[in-house]
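What the coordinates show
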Amino acid sequence: MVLLSRFVCTGCLLLALLSSPGTLRAQGPASDAKVGGAGTEPRTDDDGAEVGRLIAALLGDTPLERDLRQLTREIGGRATGSEANRRSVEWALERFRQAGVSAREEAFEMPQLWLENSATARIRGQGIEFTPGIAAMPFSNPAPSPGVTAPLLDCGPGGEEDFERLGDRTAGAFLLVETVPLLDIEGLFREYGEAFEIERRALAAGAAGVVYMSSRAEGLLYRHNASLRDQDAKVMLVMDRGAARRAMDLLRLGKELSIQVTLDLETGPAYTSHNVIGEITGSTKPHEVVVVGAHLDSWDLGTGALDNGANVALVIDIARQMTRLGIRPQRTVRFALWNGEEQGLWGSRGYTRTHAAELDDHVVAMSFDIGCGLINGFFTGGRPEILPTLEASLAPVRGLGPFVTLDVPIVGTDNFDFMMEGVANLVGNHESAEYGPNYHAQSDRIEHCDLRTVRLNAAIVAAVTWGFAQTDAVWTRQTRAEVEELIRSTDLEQQMRSFSVWNDWLDGTRGRR
Ligand SMILES: [Zn+2]
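Worth saying up front: this structure is predicted, and the values here are computed from it rather than measured.

As a further point, take the packing of aromatic side chains. Scanning all chains against the criterion turns up eight aromatic pairs. Relative to Phe-378, the ring of Phe-368 lies with its centre 6.5 Å away and its plane at 90 degrees, an arrangement referred to as edge-to-face. Residue Phe-368 is located in the loop between β13 (362-367) and β14 (375-379), and its partner Phe-378 is located in strand β14; the two are separated by 10 residues in the primary sequence. In terms of burial, Phe-368 and Phe-378 fall into one category: buried. Residues Phe-468 and Trp-475 carry aromatic rings whose centres are separated by 5.9 Å and whose planes lie at 75 degrees to one another, so their mutual orientation is edge-to-face. A connected cluster of aromatic rings, assembled from ring pairs, spans Trp-114, Phe-139 and Trp-299. Taking NZ or CZ as reference, Arg-216 lies 4.2 Å from the ring centre of Tyr-222, over its face. The ring centre of Phe-130 lies 3.8 Å from the NZ or CZ of Arg-246, which sits over that ring.

Think of a sheet as strands paired side by side through backbone hydrogen bonds, with each pair either parallel or antiparallel. Within the open sheet, the eight strands sit side by side as β1-β10-β12-β11-β13-β16-β14-β15. Their pairing is mixed. The open sheet has two edge strands, β1 (102-110) and β15 (404-406), and neither has a second partner. Adjacent strand axes in the sheet meet at a mean angle of 25 degrees when their direction is disregarded. In the sheet, strand β11 (residues 285-295) pairs with β13 via five bridges, with the strands oriented parallel.

Glancing now at the state of the cysteines. Covalent bonding between the sulfur atoms of two cysteines defines a disulfide. Evaluation of the coordinates by the stated rule reveals one disulfide. Between the sulfur atoms of Cys-372 and its disulfide partner Cys-449 the distance amounts to 1.8 Å. Sign of the S-S torsion, about -85 degrees for the bond between Cys-372 and Cys-449, identifies this disulfide as left-handed. On the criterion of sequence distance, the pair formed by Cys-372 in the loop between β13 and β14 and Cys-449 in the loop between β16 (425-430) and α12 (451-470) is long-range, its members being 77 residues apart. On the basis of relative accessible area, Cys-372 is assigned to the buried category, the value being 4%.

On the secondary structure map, Asn-85 appears in helix α4 (residues 83-98). For Asn-85, a relative accessible area of 3% gives the class buried. In this view, Asn-85 contacts Arg-78, Ala-79, Thr-80, Ser-273, Asp-297 and Asn-339; residues no more than four positions away in its chain are not counted.

We now examine the nonpolar core. Grouped together as the largest cluster of nonpolar side chains are 79 residues, with contacts concentrated most on Phe-96, Phe-335, Leu-337, Phe-378, Leu-426 and Phe-468. Per-element tally for this core: the top contributor is α12, with 12 residues. Counting residues in each nonpolar core, the second largest holds 38 residues, with Ala-136, Val-211, Tyr-271 and Trp-299 among its members.

Judged by how many residues are buried, strand β10 (residues 271-280) sits mostly within the fold: nine of 10 residues are covered. Where β1 meets β10, nine bridges bridge the pair, whose relative direction is antiparallel. Of the residues in β10, the one forming a bridge with Ala-107 is His-274.

The subject of this paragraph is the pattern of salt bridges. Under the counting rule described, the total for this entry stands at 39 salt bridges. Here Glu-90 makes a salt bridge to Arg-86, at a shortest N to O gap of 2.5 Å. Of this pair, Glu-90 and Arg-86 are both found in helix α4, four residues apart, which corresponds to roughly one turn of the helix. Relative accessible area serves as the criterion here: at 41%, Glu-90 is assigned to the partly exposed category. Taking the relative accessible area as the measure of exposure, Arg-86 reaches 27% and is therefore partly exposed. A salt bridge links Glu-129 to Arg-122; its shortest N-O distance comes to 2.8 Å. A network of salt bridges, in which partner residues are shared, links Arg-66, Asp-67, Arg-95, Asp-317 and Arg-320.

The next subject is the packing of helix α3 (residues 64-75) against helix α8 (residues 305-325). The interhelical angle for the contact between α3 and α8, taken along N-to-C directions, is 140 degrees, at an axis separation of 9 Å. Taken as axis vectors, α3 and α8 run oblique relative to one another. Like other packed secondary-structure pairs, α3 and α8 cross with a definite hand, here right-handed. Side by side, α3 and α8 meet where Leu-64, Arg-66, Asp-67, Leu-68, Leu-71 and Thr-72 of the first sit next to Ala-305, Gly-309, Ala-310, Val-312, Ala-313, Leu-314, Ile-316, Asp-317 and Arg-320 of the second.

A word on the layout of surface pockets. Of the volumes computed, that of the second largest pocket is approximately 280 Å³. Lining the second largest pocket are 21 residues, with Glu-178, Thr-179, Glu-191, Glu-194 and Tyr-212 sitting closest to its centre. Elements represented by at least two residues in the lining of the second largest pocket include exactly α6 (185-204) and β7 (209-213). Here the element with the most residues in the lining of the second largest pocket is α6; it accounts for six residues. Its residues placed into classes, the lining of the second largest pocket shows 12 nonpolar, five polar and four charged.

As a further point, take the environment of Gly-508. Mapped onto the elements of the fold, Gly-508 is located in the segment after α15 (502-506). Non-local contacts of Gly-508, meaning those with residues more than four positions away in its chain, are made with Arg-353 and Arg-513.

Once that is clear, we can look at the sheet that holds strand β5 (residues 143-154). Across the sheet, eight strands lie side by side as β3-β2-β9-β5-β6-β7-β8-β4; this open sheet has mixed pairing. Sheet topology places β3 (128-130) and β4 (134-136) at the edges, where each strand pairs with a single neighbour. Strand-to-strand, the axes of this sheet are offset by a mean angle of 30 degrees, without reference to chain direction. In terms of strand pairing, β7 meets strand β8 (residues 235-239) through five bridges, oriented parallel. Within β8, the position partnered with Val-210 by the bridge is Met-236. Sheet strands in contact with helix α7 (residues 241-252) are β2 (113-125), β3, β5, β6 (174-177), β7, β8 and β9 (257-268), and its direction is about 50 degrees off that of β5.

Thresholds applied
- Residues numbered from 1 in each chain as written.
- Predicted model: local features only at pLDDT ≥ 70, side-chain atom pairs only at ≥ 80, totals over all residues.
- Heavy atoms only, no water.
- Phe/Tyr/Trp six-rings, centres within 6.5 Å; stacked < 30°, edge-to-face > 60°.
- Helix = DSSP H or I, 4+ residues; strand = E, 2+ residues; numbered from the N terminus.
- Buried < 20%, exposed > 50% of the residue type's maximum accessible area, 1.4 Å probe, protein only.
- Lys NZ or Arg CZ within 6 Å of the ring centre and 35° of its normal.
- Pairing = 2+ DSSP bridges.
- Axes fitted to C-alpha atoms, helices over the stretch in contact; angles between N-to-C directions.
- Disulfide = S-S within 2.5 Å.
- Contact = heavy atoms within 4.5 Å.
- Core = buried A, V, L, I, M, F, W, Y, C linked by side-chain atoms within 4.5 Å.
- Salt bridge = Lys/Arg side-chain N within 4 Å of Asp/Glu carboxyl O.
- Parallel < 35°, antiparallel > 145°, perpendicular 65-115°, else oblique.
- Left-handed = near helix turned anticlockwise from the far one by under 90°.
- 1 Å grid on protein atoms, 1.4 Å probe; cavity = no way out; pocket = protein on both sides within 12 Å on 5 of 7 lines; lining within 4 Å.
- Points joined across faces, edges and corners; volume = space filled by probe spheres on them.
- Nonpolar A, V, L, I, M, F, W, Y, C, P; charged D, E, K, R; others polar.

Given below as structure tokens:
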């Protein structure tokens, strides 16, 4: 199974898509794209009072900051399958329980184990010797001690012409790929696209592995997403920019270098992981469900504050304040902390399988996964019927807007399997803030997160959650034929192909049957 580029957590990709309107097809004229306007006040005075109390509480002195500090500083990076990830599940259960929120863990299957224990490298040649900082790319092949030693070659930016220039020398060699410094989200998006082609060429050329020059600031490593993974995947890694620049310069001066790479990885077959689901049972429509979710797992180099601890803390805080204030929605609200997101959206996929019989009664599934910047809109998945409810929901927080809706389907975070199951879904969009430069990097830490903004986001998410839990508007789950029509009428197939989930849809691994 080709699941390597099941990397995801692609808030960054969502932003990239948003900033590249050519890749999106918004439905309806631009003037319809803005949420808001007249006639969107809360349904009743009681409703308005309840949501007002909830928003006021969330903007007050809540334990949100304490929670985020515990999750990021005490537990830290928490890749699915790791001990830290297991601790984060226990932590989240405890946070819900201490808040008086009913909570449970729900098992799902991860298709494979992949964790990095350590990664080291040494470059040698013609009197030269130094040890660059490196990180394995997700799903890289291991290189157990004493490691793999092979020639290191200047592969330029890794284009066709670079492979032609190197010719047969690529066989069995490590290819050092030059990158441009990452300036913005567009650059991140470009990196993803290029990596796919570079790795395809390296595989065809019989290389021992690919060494990417880090595109981030001096010394900063990130666990970028290897694009290819199949039975003969390579050793793939990122090297700190200063050391990679030094090696590249030496190679261009005609020095012959070799690199010894040691990747101590923990790999294994399918295993069980757990989502954490907090729940407030609906007062009058308990069988109807609104899901508000964020993913609990992170990559492990940083401490997972922007991606995605801030939104986890926010989801917990909403459940906590609703419970504390005795605010009970008409519909059941499930506060979902997904696992396995970074490695392929497996936790939310597992939920849609475990709860398959209830999906007809799932009103909406919301995902928040694009960092700590202010929420400035929503992707609503090509479901125009939910827009009036979204508009009405935002009335109490309209002063924090404007909010812009893009009614397009988006692949890259935990709305995906709900969308393919025909369940209405939305993804919060955020101002970029510091998301891009810290994405999946050692620098994904709480100090890059403005906690006042996270509180404002909690108010916005609470308002939308409440609106969907209370609305009288109705829409039905899409049939498979309707999901197919959504695919035909948008760029969804292209997105699914680039995330390697297209075959999963075709073979029934994912989506409505
Ligand atoms: Zn994420």
